[in-house]
Amino acid sequence: MKQYAYYPGCSLESLGKSYHISAMEVSGALGVELKEIEDWNCCGATAYFPVDELLAYTLTARNLAKAEKTGLDFVAPCSACYKNAYFTNSYLQKDADLAEHINYALEADNLHVYGTSKVRHLIEVFINDVGLEEIKNKVSNPLKGLRVAPYYGCQILRPRKDHEDVENPQYFEGLLSTIGAEPIEYASKTRCCGGSLIVTNRKAALDMVRILLQDAVNHNADVIATTCPMCNVNLEVYQVQVNREFGTHYSIPVMYFTQLMGLALGIVPGHLGIGKEQVSGASMLAFAQNTKQERNL
Amino acid sequence: MSERIGVYVCHCGTNIAGIVDVADVSKWAGEKLADKGVVISRDYKFMCSSLGQELIQKDIKEQKLTRVVVAACSPHLHEKTFRNACKGADLNPYLCELVSIREQDSWVHTDKAAATAKAKAITSGGVARVIHHEALEPLRVPIHPATLVVGGGIAGIQAALEIADAGFRVYLVEREPSIGGHMAQFDKTFPTLDCSACILTPKMVDVGNHPNITLLTWSEVQKVDGYVGNFAVTIKKKPRYIKTEDCNGCGICWEKCPKKVVDNVFEAGMGNRKAVYVPFPQAVPKYPVIDDVNCTYYLKGTCKACEKFCPTNAIDFNQKAEEITVEVGNIILATGYDLFDARRIPQYGYGKLANVFTNLEFERICNAAGPTGGNIVLRDGKTAPKTVGIVHCVGSRDKNYNAYCSAICCMQSLKFAHLVRERTGAEVYNFYIDIRTPSKGYEEFYQRLLEEGTRFVRGKVAEVTNVARVPEEEGKLIIQVEDTLISKQRRIPVDMVILSSGMQARHDSKDVAKLFGISCSADDWYIERHPKLDPVATMTDGIYIAGCAQGPKDIPASVVQGAAAAARVLGKIQQKEISLEPIRATVNEEHCSGCRICNDLCPFNAILFHEETKVSEVNPALCQGCGTCVAACPAGAISGTGFSNEQILSQIDGLLLLNISHAAVPVDN
Amino acid sequence: MVDELSFSYEVGNLMYASHGEPITNCLQCGTCSGTCPAVEFMDHTPRQIIGMIRADLKEEVLASNTYWTCASCFHCTVRCPAEIDVADMMYALKRYSMWKGQFQDGLIGPDFSEAFVKMIVNSGRSFEPLLAATYLPKFSARDIIQEGLIATGLVLKGKMPLLPKKIKGLKKFQQMVRRIIPIGEPS
């Protein structure tokens, strides 16, 4: 059993509940144990940086410190939490001054951060640690004929420049092929969904979402797969708004990658949070395995 | 017994005198260093001037000086000046020592008192050292009159012709089957719009016919031994599988050859050639080569159509590579450049979007002998574009790829704009950050393009995409860019995109540099001896560089450098003998234990090991006097003339004479 | 000695951790603005903002909506040929404007961030309904109704939290925050 210090993030408890449920199911099926970090706090997402930089890093550092105590890799399923954790960690390693400031604050909570954890995103834990071979072996229900638009979004890729091909990554497509689906190639896969602009500048965000939806639809995608709850909410929950604003008629389901993986692993759709969407995911049910999968407890 | 030393302290205007009390230093040296041998000590405004030098010469004669110490600027600048001054007064130049109280003192300190004390210490060090100097004579080595030129592009061709015309033998080695380089691939050249082949081929023919040029194409240098004036170069002649004595260049072989291969070199992947081929019709020499990787005979043992049809029986499938060794006195490296790989910028779509072309691909399209017969058409080979977008600065001026500017892309992009307009009447957009048109006729060329109605958009292209958002964009390539002059993001639909990819050093430039004993910069271009004052020489005597191998430049500049390198070589050949600095390391054979630690440390490959006697020896012609081996030898068996242990330790003693403490100015002056 | 710090210097000071190149290195090439997915909604392009900062047009910059329209997608940052962290500069401008209390009228961003920060300080976790108070007042009636519909839909599918959560170690957490910025007594 591979173990990880799991940082769900605030969204996964509410808006992104399906992500959390499906992540747990899939991890269980693949021999990955996600141990939730004890008493974690909000990472601040993109809302803290407009106010105070040091405080923003400190919030994440508190969670990193707690993860360090377990000695396990820090795993975040949400791209924004991942980006915050990754960079806080890397700055702590590079900048002794910053580390001193942050640790001075953490001391008040009896914590100290050393910057020794490895920060991972959930998707690459599956791809790199479990491995595509192993995943393929466990796939009992390949999603044949399902055309998936892999939506990377921004913060899972950027502003890192040192890894993968930031302009044209392929790892998500690799994962989707492994579970038997047909990933489609479309140019907007790394274009921003608007993130928090959905609140602070709705018009801008809706326009950005529309461009993504249109590109996916132009390429005949059956479903858009996401790796972040904010992206998922913007693309799915606000589809209705997009239609109202622009007179379009989009109705394309948006699923977390873990939900699709779950279906391929033969897990019952109900256990993956499918059915709880605003834009109906009913079309996904056709791809579920007919036999029920016993849940590992 | 005791030396008679003259000390000269320079003001260098206010460069030194502004911080260091020069008169005080001079006076101090005269008084306090008298017991070391100083008989006269002066200071002067500009020691390097003729008057300053004459001052020294007068003293040498009248005071019968045996040593001279000049405290002034860095030896890099005027060591030669003062040595020559001494020579002029019949004092061996190596008995003169120049110590720097400018770069090492007045230019780096603001505390005047401390700087003056430091100047005294430095001068004292110089005096202590110079006592141990020996009169040295420069080494004289003969210069072999033949020259090796590596690279048959325009720079190499120019260099070869200049030297050959002067009556000396040149070996011109070229890796490809024909000379001509990148210039042979172009259609028209800026700013005159001369046809590239028309101006290049006469020179190529001259090279091919020249009695003094031994043309070795389809060949590569394997090994370089020796030193300036006396190089022994081993060259591998790859097998052409054609007997050149019999071949008359009729072309029947490639006409009959059934095997088509994508030509990734000359046609930039845009067209095909055969397995037996000449790269282009005006190839020099005219002999084809057989590509033994793709030829059916070598793959399956069949075909042999060329052999069947060759009227002079010139095909020889069993031909072997040949290694020859030539003796030359000087070497010129003119190995050219590689193009930046535009696939490294995925957002420009090269390799994914069909109608995105690189500059070299577009040159081949424009060229009348190219894959489209000179017609500017899209990848389908027939449709003419109605709008064309030309992107400047692809891979250049970008810290993510190459930070430098590639010098020629602006002019090249303007040239493309003109050609597109002239031949297709299409609408042309140029997307730039700055328009760089510095040379003769270049700015006027830009004016011409403005008059022709080219649409200039100032903005570095962010993306090239085929994802349409509005009906006008359907089926087009959309260039997304900020038009910075109006501060708006624009999406401009075009049919064809041309990327002006930058120049890079050849992918193997570091290996080639190592082969010849020179270095590369951080960007992998060969390094010149001095970026302003000596751009064609290298730090290795006898090896010169010319053309784009030294950095991005246009054709006129490449020709200039080729000619300059040739002139330097001719100057050396003409002297028949040159003198080398005698600052060298020597191995004391008796103390050498044969451990060979020094052999691999030498950056100039100047140390030989004698198997029979088990001792190492320094080749004085290759040795540059860097001192690495001297420091590394565990037995202390190597000493440097001009930097012996004695000299260095004495200099240190001299420096410490004043015992300058951390706090302030020394008490007793 | 400098009498007054230039605006670009001040902004640079607020870009602490990112280790990008200084904004004074900007070539004004426009790659950032050509890439930006939200540029259509900005009154000045990102490149223009950098130009304005360098020209010390502080008031105009702070009055612009550009940096509050930045979605922090970092695409500009990874493409900038001068390796300037443009998105981080947008954050720095947000911080500057929050500190001075100077920004364009009618923007939701400043209120939203302030509310978010207070919310976290008070509970350690985010709670969406609380944040609604920051933006709903600025919405049109039609938009408020739509938002209400969406919220209802989410509640029905169990995706909207109805009660705020608090972390267990809240007191110590708040002491930790106090060591960074003074927050007074929590409400």
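Basis of the calculations
- Counting restarts for each chain, with residues numbered from 1 along the sequence as it is written.
- The lettering of chains begins at A and the numbering of ligands begins at 1, in the order of writing.
- In view of the model being predicted, local features appear only for residues whose pLDDT reaches at least 70, and side-chain atom pairs are presented and counted only at 80 or more, with totals across whole chains, interfaces and linings using the full set of residues.
- Strands here are runs of E lasting at least two residues and helices are runs of H or I lasting at least four, both read from the DSSP assignment and numbered beginning at the N terminus.
- The burial label depends on the number of other C-beta atoms within 10 Å of a residue's C-beta. Counts of 20 or more mean buried, 12 or fewer mean exposed, and intermediate counts mean partly exposed, with C-beta atoms placed from the backbone.
- In this description, a residue-residue contact is defined by the distance between C-beta atoms placed from the backbone, which must lie within 7 Å.
- Gly is placed with the polar residues, together with every amino acid not listed as nonpolar (Ala, Val, Leu, Ile, Met, Phe, Trp, Tyr, Cys and Pro) or charged (Asp, Glu, Lys and Arg).
- Note that the domain bounds were set by an automatic or database domain assignment.
- Paired strands, as defined in this entry, are two strands with at least two bridges between them according to DSSP.
- For helices, the fitted line uses only the C-alpha atoms of the stretch in contact; every axis is such a line through C-alpha atoms, and the angle between N-to-C directions lies from 0 to 180 degrees.
- To estimate how far a helix should extend, the number of its residues minus one is multiplied by 1.5 Å.
- It is the directions from the helix axis to the C-beta atoms that the arc portrays.
- pLDDT is a per-residue confidence score from the predictor, ranging from 0 to 100.
- Roughly parallel refers to an angle under 35 degrees, roughly antiparallel to one over 145, roughly perpendicular to one between 65 and 115, and oblique to any angle outside these ranges.
- Each crossing gets its handedness from the near helix: less than a right angle anticlockwise from the far helix is left-handed, clockwise is right-handed.
- A set of buried Ala, Val, Leu, Ile, Met, Phe, Trp, Tyr and Cys residues, joined through C-beta atoms within 7 Å, is what we mean by a nonpolar core.

**Points about the overall build of chain C**
When you go through chain C residue by residue, the secondary structure sums to 10 helices and zero strands. Listing the helices and strands of chain C from first to last along the sequence gives α-α-α-α-α-α-α-α-α-α. If you line up chain C on its principal axes, its C-alpha atoms span 55 × 40 × 30 Å. Taking all 187 residues of chain C together, 44% fall into the buried category. Taking contacts inside chain C between residues at least 6 apart in sequence as the whole, the part at least 24 apart equals 59%.

**So, the interface of chain C and chain A**
Across the contact, 53 residues belong to chain C and 51 residues belong to chain A. Of all elements in the fold, only helix 5 (75–79), helix 6 (86–100), helix 7 (109–123), helix 8 (128–135), helix 9 (141–156) and helix 10 (170–178) of chain C reach the threshold of two or more residues within the side of chain C that touches chain A. Residue contributions to the side of chain C that touches chain A peak at seven residues, all from helix 7 of chain C. Partitioning the side of chain C that touches chain A into residue classes produces 29 nonpolar, 13 polar and 11 charged.

**Some words on the domain arrangement of chain A**
All names here are of chain A. Considered domain by domain, chain A is made up of domain 1 (2–121) and domain 2 (131–285). For domain 1 and domain 2, the distance between their C-alpha centroids amounts to 24 Å. Taken together, the contact between domain 1 and domain 2 spans 23 residues of the former and 24 residues of the latter. When contributions to the side of domain 1 that touches domain 2 are tallied by element, the ones reaching two or more residues are helix 1 (17–30) and helix 3 (79–94). Examining the composition of the side of domain 1 that touches domain 2, we find that 10 residues originate from one element, helix 1, more than from any other.

**Section: the interface of chain B and chain C**
Taken together, the contact between chain B and chain C spans 16 residues of the former and 18 residues of the latter. Considering every element that reaches the side of chain B that touches chain C, the biggest residue donor is strand 25 (residues 477–483) of chain B, with three residues. Across the side of chain B that touches chain C, the residue classes break down as four nonpolar, six polar and six charged.

**Describing the sheet that holds strand 24 (residues 463–465) of chain B**
Residue and element names in this part refer to chain B. The strand order 24-25-26 describes an open sheet built from three strands, whose pairing is antiparallel. Sheet topology places strand 24 and strand 26 (488–494) at the edges, where each strand pairs with a single neighbour. Each adjacent strand pair in this sheet contributes to an overall mean axis angle of 25°, direction not counted. As paired strands, strand 25 and strand 26 are joined by seven bridges and run antiparallel to one another. Each bridged residue has a counterpart across the sheet, and for L477 the counterpart in strand 26 is V494.

**Here's the deal with helix 2 (residues 50–62) of chain B**
Residues and elements named next belong to chain B. The first and last C-alpha atoms of helix 2 sit 18 Å apart over 13 residues, in line with the 18 Å expected at 1.5 Å per residue. When we look at burial in helix 2, the residues that qualify are G52, Q53, I56 and I60. The buried side chains of helix 2 occupy one side of the element, clustering within an arc of 100° when seen end-on. Those residues of helix 2 that are exposed and aimed more than 90 degrees away from the buried face are S50, L51, K58, K61 and E62.

**Some details on the sheet that holds strand 4 (residues 119–121) of chain A**
All names here are of chain A. Pairing in this open sheet of four strands is parallel, and the strands run 2-1-3-4 from one edge to the other. At either margin of the open sheet sits one strand with a lone partner, and together these are strand 2 (32–36) and strand 4. Geometrically, the sheet is characterised by an average inter-axis angle of 40° between neighbouring strands, direction not taken into account. Bridge count for strand 1 (residues 2–6) against strand 3 (residues 74–76) is two bridges, and the pairing is parallel. Residue pairing across strands places Y6 opposite V75, the latter belonging to strand 3.

**Examining unusual backbone geometry**
Residues and elements named next belong to chain B. Here F190 and P191 are connected by a cis peptide whose omega angle stands at -5°. You can see P191 is positioned in the loop between strand 8 (188–189) and strand 9 (194–195). Geometrically, the link from V284 to P285 is a cis peptide bond, its omega value of 0° lying close to zero. Turning to its location among the elements, P285 is positioned in the loop between strand 15 (276–277) and strand 16 (289–290). Located in the positive-phi region is L193, a residue other than glycine, with phi close to 60°. Mapped onto the secondary structure, L193 falls in the loop between strand 8 and strand 9. With phi around 70°, R596 is a residue other than glycine that occupies positive phi space. Position of R596 among the secondary structure elements: in the loop between strand 31 (585–587) and helix 16 (597–601).

**So, the confidence of the model for chain C**
Residue and element names in this part refer to chain C. This prediction gives chain C a mean pLDDT of 89; 96% of its residues lie at or above 70. At the level of individual helices and strands, chain C shows its lowest average pLDDT in helix 8, which scores 80, and its highest in helix 2 (residues 31–35), which scores 97. The ipTM for the predicted assembly is 0.90, set against a pTM of 0.87.

**Description of the packing of helix 7 of chain C against helix 8 of chain C**
Residue and element names in this part refer to chain C. The interhelical angle for the contact between helix 7 and helix 8, taken along N-to-C directions, is 150°, at an axis separation of 9 Å. If you check the angle between helix 7 and helix 8, you find them roughly antiparallel. Relative to helix 8, the crossing made by helix 7 is right-handed. When helix 7 is examined against helix 8, the residues D111, F112, A115, F116 and M119 are found in contact with a partner set consisting of L130, L131, A133, T134 and Y135. The residue makeup of the contact of helix 7 with helix 8, split by class, is eight nonpolar, one polar and one charged.

**Observations regarding the nonpolar core**
Of all hydrophobic cores here, the largest spans 158 residues; its most connected members are A:Y7, A:V75, A:A85, A:V148, A:V209, A:A225 and A:L260. Leave out the neighbours within four places in its chain, and A:L260 touches A:L143, A:V148, A:I179, A:A181, A:A225 and A:M255. Counting 86 residues, the second-largest nonpolar core is a separate cluster that includes B:F168, B:F186, B:C548 and B:A549.

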